[in-house]
Amino acid sequence: MTAQTPKLTPKLIIHGGAGSSLQGKGGVATVRTALYAILDEVYALLAEGGSAKDAVILGCRLLESNPLFNAGVGSVLQSDGQIRMSASLMDGTAQRFSGAINVMRIEHPIEMAAKLQSERDRVLSDEGAANFARELALPVFNPLTDKRLNEWLQDRQNDFERTMANVVAEEQPASSDDPEAGRGTIGVVALDGNGEIVAGTSTGGKGFERIGRVSDSAMPAGNYATKVAGISCTGIGEDIIDECFAAKVVIRVTDGMTLAAAMEKSIAESTANKRDLGAIAIDATGSICWGKTSEVVLAAYHDGTTKGDSLEAEPVSMSVAV
Ligand code: GLY
């Protein structure tokens, strides 16, 4: 981190998933407190002249460490009872994407994605990701929480009736048999004082998925950035991939749309296609945006003077913070 006064006012937006309600996460106040604590810590780094890349890595690490969110600690279990996590980082200035797919037994998948930025092979999965973790000497870490284990055990008792835990924010108690009970993803997009944009996304996946299923979170469909804009998505990975949501929004901005218009159009298309997703984005002019087709997206932003969030926004809407 370079300690210098930012030339521009940095902008920051973070998310902790999307879904049908916040009830299972302790309600609006609990989620807001968790998000704002992370927002404040990461914005302080940007305000001191820190880079967008450092801010995104820090933000993703903090979100991964909070068991409230489905990434890192507190990741959901797959159909075979294992946790496999995926994360990616995109440096908008270099227009360089890197990602780790279905990596196991590490604490911060975003850290691996960040290390891959300077590698020749920038997206690694499964065995390759495991080998790379050893090469980096990342400590072995078990991200399993009792809550996630109990959910999986409960579902096993029900003969795995629930084919996936989803990727949405609503969390049901372990005893719930609600087939829509689901989880989330985390993401951070930052514009730093030098005008550089970076996006990062990390997830434990859908939960109960087939072994080998690949999440959007380590694809440009779910996490994308260029010099003009950056975006991180959350929701059902397959829906995000089918819309190619993140790349689509950024390309629309590159072709002349405002970020607000690009988000609005892309959300409208996703709504028409009955997709379940949410997204956060920032562009080079400093516009901050979020959008959702789901009932709620767990986003919070800082524009340099004002903080805000999307937690109580109307269903199926989008908003421009700046
Ligand atoms: N959006 C996260 C996932 O589907 O894995």
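Everything here concerns the structure above.
(A) Main features of the overall build of the protein chain. Helix and strand content of the protein chain: 8 helices and 13 strands. Expressed as a percentage of the 322 residues in the protein chain, the buried residues total 57%. Across the protein chain, contacts joining residues at least 24 apart in sequence account for 66% of those joining residues at least 6 apart. Carbon together with sulfur atoms contributes 49% to the accessible area of the protein chain, which is approximately 12400 Å² in total.

(B) View of the site of the ligand. Close to the ligand lie 12 residues; Arg213, Ser215, Asp216, Gly235 and Gly237 are nearest. Separating an oxygen atom of the ligand from a side-chain N or O atom of Arg213 is a distance of 2.7 Å. The separation between a nitrogen atom of the ligand and a polar main-chain atom of Gly235 is 2.8 Å. For the ligand, whose accessible area on its own is 200 Å², the fraction buried by protein is 100%. The residue inventory of the shell around the ligand, partitioned by class, reads 2 nonpolar, 7 polar and 3 charged.

(C) Up close: helix H4 (residues 126–135). Every buried residue belonging to H4 is among Ala129, Phe132 and Ala133, and all of these are buried. Down the axis, H4 shows its buried residues gathered within 105 degrees of arc, on one side only. Across H4 from its buried face, at more than 90 degrees, point the exposed residues Glu127, Arg134 and Glu135. Residues of H4 that are buried in the fold lie against strand S3 (96–103), helix H3 (109–115) and strand S4 (123–125).

(D) Representation of the sheet that holds S3 within the structure. An order of S4-S3-S2-S6-S5-S1-S11-S12 is seen for the 8 strands of this open sheet, with the pairing classed as mixed. Of all strands in the sheet, those with a lone pairing partner are S4 and strand S12 (307–309), marking the two edges. The mean inter-strand angle of the sheet, taken between neighbouring strand axes irrespective of direction, is 10 degrees. Bridge count for strand S1 (residues 11–19) against strand S5 (residues 186–191) is 5 bridges, and the pairing is antiparallel. Across the sheet, the residue bridging to Lys11 is Leu191, located in S5. Against the sheet, helix H1 (residues 28–47) engages S1, S5, strand S11 (296–302) and S12, with an angle of about 155 degrees to S1.

(E) Representation of the pattern of salt bridges. In the structure shown here, the tally under the stated rule is 17 salt bridges. Notably, a salt bridge pairs Arg148 with Glu151, separated by 3.5 Å at the nearest N-O pair. Here Arg148 and its partner Glu151 are both found in helix H5 (residues 146–157), 3 residues apart, which amounts to about one turn of the helix. We classify Arg148 as buried; its relative accessible area is 2%.

(F) Expanded view of the packing of helix H7 (residues 245–254) against helix H8 (residues 259–272). Running from N to C, H7 and H8 cross one another at 140 degrees; their axes reach a closest spacing of 8 Å. By the criterion of interaxial angle, the relationship of H7 to H8 is oblique. Once H7 is placed against H8, the crossing between them reads as right-handed. Every residue of H8 that contacts H7 at Phe245, Lys248, Val249, Arg252 and Val253 is listed here: Leu259, Ala262, Met263, Lys265, Ser266, Ile267, Glu269 and Ser270.

(G) Examining the pairing of S3 more closely. Within S3, 7 of the 8 residues are buried, which leaves the element mostly enclosed by the surrounding structure. Between strand S2 (residues 85–91) and the antiparallel strand that follows it, S3, lie 4 residues; Gln95 among them carries a positive phi value of about 45 degrees. Where S3 meets S4, 3 bridges bridge the pair, whose relative direction is parallel. Within S4, the position partnered with Gly99 by the bridge is Val123. Regarding topology, H3 serves as the crossover connection from S3 to the parallel S4, and that connection is left-handed.

(H) The arrangement of the state of the cysteines in detail. In this structure the tally under the stated criterion is 0 disulfides. Looking at Cys233, it has no disulfide partner, and the nearest cysteine sulfur is the one in Cys244, 9.1 Å off.

(I) Structural context of the side chain of Ser98. With respect to the element layout, Ser98 can be found in strand S3. By relative accessible area, which is 0% here, Ser98 ends up buried. Within the local environment of Ser98, its side chain forms a polar contact with the backbone oxygen of Ala113, the two atoms lying 2.6 Å apart. Engagement of the side chain of Ser98 in a polar contact is seen with the side chain of Gln117, the distance being 2.9 Å. Dropping the residues within four chain positions of it, Ser98 is found in contact with Ala87, Ser88, Leu89, Ala113, Leu116, Gln117 and Arg122.

Parameters at a glance
- Residues numbered from 1 in each chain as written.
- Predicted model: local features only at pLDDT ≥ 70, side-chain atom pairs only at ≥ 80, totals over all residues.
- Heavy atoms only, no water.
- Helix = DSSP H or I, 4+ residues; strand = E, 2+ residues; numbered from the N terminus.
- Buried < 20%, exposed > 50% of the residue type's maximum accessible area, 1.4 Å probe, protein only.
- Contact = heavy atoms within 4.5 Å.
- Areas by Shrake-Rupley, 256 points an atom, 1.4 Å probe, with all protein chains shown as cover.
- Near = heavy atom within 4 Å.
- Polar contact = N/O pair within 3.5 Å; in protein donor to acceptor, adjacent residues only side chain to side chain.
- Nonpolar A, V, L, I, M, F, W, Y, C, P; charged D, E, K, R; others polar.
- Arc of directions from axis to C-beta.
- Pairing = 2+ DSSP bridges.
- Axes fitted to C-alpha atoms, helices over the stretch in contact; angles between N-to-C directions.
- Salt bridge = Lys/Arg side-chain N within 4 Å of Asp/Glu carboxyl O.
- Parallel < 35°, antiparallel > 145°, perpendicular 65-115°, else oblique.
- Left-handed = near helix turned anticlockwise from the far one by under 90°.
- Right-handed = clockwise from strand over helix to strand, strands pointing away.
- Disulfide = S-S within 2.5 Å.

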